[in-house]
Amino acid sequence: MSEHDCLFCKIVNGDLGADIVYENESLIAFRDINPIAPTHILLIPRRHVATMNDLQDGDASLVGELFLTAARIAANEGLAEDGYRVVMNCNEAAGQSVFHIHLHLMGGRAMTWPPG
Ligand code: AMP
């Protein structure tokens, strides 16, 4: 799928609405439309990157910013002390369904391990 028909690029471009909790020049964080935890937020880069496999060496700071921002949002959402989970699925076997990388931030309930 190209960025022209990418669902999350539509959110970046403002063509599709989202419940945005934070944004800056490089990323956007918004609430998942089908939450699997009381708090379920997705963090995406503004730039279209289809999967983790497409990340380049120069994307190290972008990936770091996704994680640091997730930690800050988790704190703002009151999740830091109890704990939370961040996940990035890569390709079909891992359950990726939207091919624009996104970090899931989930919290507000106890979670099991290993995941399914
Ligand atoms: P994944 O299966 O890891 O690719 O995760 C994709 C996530 O995107 C799922 O949790 C969906 O519920 C979520 N999602 C799909 N469309 C939207 C949307 N328009 N707004 C917010 N979240 C969405």
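Heads up: the structure comes first, above all this text.
An account of the accompanying structure is given in this report. Owing to the predicted nature of the structure, the values given are computational and were not obtained by experimental measurement. (Residues numbered from 1 in each chain as written. Predicted model: local features only at pLDDT ≥ 70, side-chain atom pairs only at ≥ 80, totals over all residues. Heavy atoms only, no water.)

1. Overview of the site of the ligand
Taken together, 17 residues are adjacent to the ligand, and Asp-32, Asn-89, Gly-95, Ser-97 and His-104 come closest. Contact distances for the ligand include 2.8 Å between an oxygen atom and a backbone N or O atom of Gly-95. With respect to the ligand, the side chain of His-102 contributes an N or O atom lying 2.9 Å from an oxygen atom. Relative to its unbound accessible area of 510 Å², the ligand is 84% covered by the protein chains. Elements represented by at least two residues in the shell around the ligand include exactly helix H1 (7-13), strand S2 (27-31) and strand S3 (39-45). Residues that form the shell around the ligand fall into these classes: seven nonpolar, eight polar and two charged. (Near = heavy atom within 4 Å. Polar contact = N/O pair within 3.5 Å; in protein donor to acceptor, adjacent residues only side chain to side chain. Areas by Shrake-Rupley, 256 points an atom, 1.4 Å probe, with all protein chains shown as cover. Helix = DSSP H or I, 4+ residues; strand = E, 2+ residues; numbered from the N terminus. Nonpolar A, V, L, I, M, F, W, Y, C, P; charged D, E, K, R; others polar.)

2. Points about the environment of Ile-73
In this structure, Ile-73 sits in helix H2 (residues 60-76). Along the primary structure Ile-73 and Leu-43 are separated by 30 residues, whereas in three dimensions their C-alpha atoms are 9.9 Å apart. With near-sequence residues (within four places) excluded, Ile-73 lies in contact with Val-21, Tyr-22, Ala-29, Ile-41, Leu-43 and Leu-105. (Contact = heavy atoms within 4.5 Å.)

Treat this as a map of the structure, not an account of what it does.
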